[in-house]
Amino acid sequence: AQSVAQPEDQVNVAEGNPLTVKCTYSVSGNPYLFWYVQYPNRGLQFLLKYITGDNLVKGSYGFEAEFNKSQTSFHLKKPSALVSDSALYFCAVRAPLGGYQKVTFGIGTKLQVIP
Amino acid sequence: NAGVTQTPKFQVLKTGQSMTLQCAQDMNHNSMYWYRQDPGMGLRLIYYSASEGTTDKGEVPNGYNVSRLNKREFSLRLESAAPSQTSVYFCASSGQPGQGFGAYEQYFGPGTRLTVT
């Protein structure tokens, strides 16, 4: 069975400081990994994905994530946080086998950027 | 290009009432999904449709039915609503490898906030 762990319910960071939101996963085979963001009363919005290739992937709004196979992690990062980055962030994993493959989401990490 | 649209945005039902949540996507995606989001539980898959004409159960299908009306539309029906179905419901879609846009990731609608009293 595949799973995703987001060990922090909430991350607080000062505006202008770097931010990290942690994610570890468990899946058979090489994973497809995703980050989504959810603003209040909105649907989830795709940020970035790792499918194959370079372990550092860049996405929307200046976010990036690093795939670390040995540590089974896919942490989300941004060099300089903005107040507008405050939202709920979800990590997700999918196994890259044929046909439909279930996507498993973490329970989310609330990011609070303090002015 | 509206992406994924859902109706209604809000709904209040009494226990035992029925309703249908509508979802449509205009990205020519093959796969569509229905999730529910509850505090502290993340997103849980109710049903999915890998392609037009097929539907399958997800993690929490009990009390729900779905219809993949055509490639664009995927509806979720609650036949006899229960308070445990109070939740926020999201529809999503995704494409196929080689399709380019949305080949792997999912695109979500704005959600339906349902309260069952």
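In case you missed it, the structure is sitting above this.
Notes on the structure follow. As the structure is a computational prediction, the values presented were derived from the model and not from experiment.

The rules behind the values
- Every chain is numbered on its own, with residues counted from 1 as its sequence reads.
- For naming, the first written chain is A and the first written ligand is 1, with later ones following in the order written.
- Confidence filtering applies because this is a predicted model: local features only for residues at pLDDT of at least 70, side-chain atom pairs given and counted only at 80 or more, and all residues used for totals across whole chains, interfaces and linings.
- Heavy atoms throughout the structure, all of them, feed into the side-chain values; hydrogens and water do not.
- Each helix corresponds to a stretch of at least 4 residues labelled H or I by DSSP, and each strand to a stretch of at least 2 residues labelled E; elements are numbered beginning at the N terminus.
- Both definitions apply: the radius of gyration is a C-alpha atom measure, and the globule rule equals 2.2 Å times residues to the power 0.38.
- When a residue's accessible area, from a 1.4 Å probe over protein chains only, is under 20% of the maximum for its type it is buried; when over 50% it is exposed; and in between it is partly exposed.
- By definition in these notes, contact holds between two residues if any of their heavy atoms fall within 4.5 Å.
- The sign given to each residue is positive for Lys and Arg and negative for Asp and Glu; His and the chain ends receive no count.
- Where a charge lies is defined by one atom per residue type, namely NZ (Lys), CZ (Arg), CG (Asp) and CD (Glu).
- When DSSP locates at least two bridges between a pair of strands, those strands are taken to pair.
- Think of it this way: a Phe, Tyr or Trp ring, Trp meaning its six-membered ring, pairs with another when their centres are within 6.5 Å, and the plane angle makes it stacked under 30 degrees, edge-to-face over 60, tilted otherwise.
- Only buried residues count toward a nonpolar core, which is a set of Ala, Val, Leu, Ile, Met, Phe, Trp, Tyr and Cys residues joined through side-chain atoms within 4.5 Å.
- Disulfide assignment relies on a single distance test, namely cysteine sulfur atoms paired within 2.5 Å.
- Each of two parts loses accessible area, computed with a 1.4 Å probe, when they are put together; buried area is these two losses added.
- When a carboxyl oxygen of Asp or Glu is within 4 Å of a side-chain nitrogen of Lys or Arg, the pair counts as a salt bridge.
- Two N or O atoms form a polar contact when they lie within 3.5 Å of each other; inside protein one atom must be a possible hydrogen donor and the other a possible acceptor, and for residues adjacent in sequence the pair counts only when both atoms belong to side chains.

This next bit is on the overall build of chain A. Looking only at helices and strands, one finds 0 helices and 12 strands in chain A. Along chain A, from the amino end to the carboxyl end, the secondary structure elements read β-β-β-β-β-β-β-β-β-β-β-β. Taking 13 Å as the expected radius of gyration for a compact globule of 115 residues, we find that chain A reaches 14 Å, a close match to that expectation. The principal-axis extent of the C-alpha atoms belonging to chain A is close to 45 × 30 × 20 Å. Looking at chain A as a whole, 47% of its 115 residues are labelled buried. Considering only intrachain contacts with a sequence separation of at least 6, the fraction spanning at least 24 residues in chain A is 57%. With 10 positive and 7 negative side-chain charges, chain A shows a spacing of 8 Å between the two charge centroids.

Here the focus is the pairing of strand β3 (residues 19–25) of chain B. The two faces of the sheet receive side chains in turn, since in a regular strand these alternate between them. All names here are of chain B. Most of β3 sits out of view: 5 of its 7 residues are buried. Taken together, the 4 bridges between strand β1 (residues 4–7) and β3 define a ladder with antiparallel strand orientation. Within β3, the position partnered with Gln6 by the bridge is Cys23. Pairing analysis gives 3 bridges linking β3 to strand β8 (residues 74–78), with the strands arranged antiparallel. Along β8, the bridge assignment pairs Met19 with Leu78.

All right, on to the packing of aromatic side chains then. Residue and element names in this part refer to chain A. Applying the stated criterion across every chain yields a total of 15 aromatic pairs over all chains. Ring geometry for Tyr50 against Phe67: centres 4.2 Å apart, planes inclined by 25°, an arrangement best described as stacked. Of the two residues, Tyr50 is situated in strand β6 (residues 44–50) and Phe67 in strand β8 (residues 64–68); the sequence distance between them amounts to 17 residues. Each member of the pair, Tyr50 together with Phe67, is buried.

Here we take up the nonpolar core. If you look at the biggest cluster of nonpolar residues, it comprises 43 residues, and the most contacted ones within it are Tyr36(A), Phe105(A), Trp34(B), Tyr35(B), Leu76(B), Tyr89(B) and Phe108(B). Beyond its immediate chain neighbours, meaning those up to four positions away, Tyr89(B) contacts Gln6(B), Leu21(B), Trp34(B), Tyr35(B), Arg36(B), Ile46(B), Tyr64(B), Leu76(B), Leu78(B), Gly111(B), Thr112(B) and Leu114(B). Among the nonpolar cores identified, the runner-up in size contains 28 residues, and Val13(A), Leu19(A), Leu47(A) and Phe63(A) belong to it.

Okay, the state of the cysteines next. All names here are of chain B. Tallied over the full model, the rule gives 2 disulfides over all chains. The disulfide bridge from Cys23 ends at Cys91, spanning 1.9 Å between sulfur atoms. Sign of the S-S torsion, about -70° for the bond between Cys23 and Cys91, identifies this disulfide as left-handed. With Cys23 in strand β3 and Cys91 in strand β9 (residues 87–94), the pair connects residues that are 68 residues apart, well separated along the chain. In this pair, the class of Cys23 matches that of Cys91, namely buried.

For the peptide bond that leads from Thr7(B) to Pro8(B), omega is -5°, which places it in the cis range. If you trace the backbone, Pro8(B) turns up in the loop between β1 and β2 (10–13). A positive phi angle, close to 60°, is found at Tyr61(A), a residue other than glycine. Here Tyr61(A) shows up in the loop between β7 (56–58) and β8. A relative accessible area of 49% means that Tyr61(A) is categorised as partly exposed. Even without being glycine, Asn28(B) reaches a positive phi, approximately 60°. Residue placement: Asn28(B) occurs in the loop between β3 and β4 (31–38).

Let us now look at the environment of Phe74(B). Positionally, Phe74(B) belongs in strand β8. Taking C-alpha positions, Phe74(B) is 24 Å from Thr15(B), a pair spaced 59 residues apart along the chain.

Moving on: the interface of chain A and chain B. Counting from both sides, the interface comprises 20 residues of chain A and, opposite them, 20 residues of chain B. Buried area between chain A and chain B, summed over both chains or domains, comes out near 1600 Å², and the portion from carbon and sulfur atoms is 61%. Taken together, the connections running from chain A to chain B amount to 1 salt bridge. Between Lys49(A) and Glu105(B) there is a salt bridge, and its shortest N-O distance comes to 2.8 Å. Linking chain A with chain B are 4 residue pairs in polar contact (both at pLDDT 80 or more), by the criterion used here.

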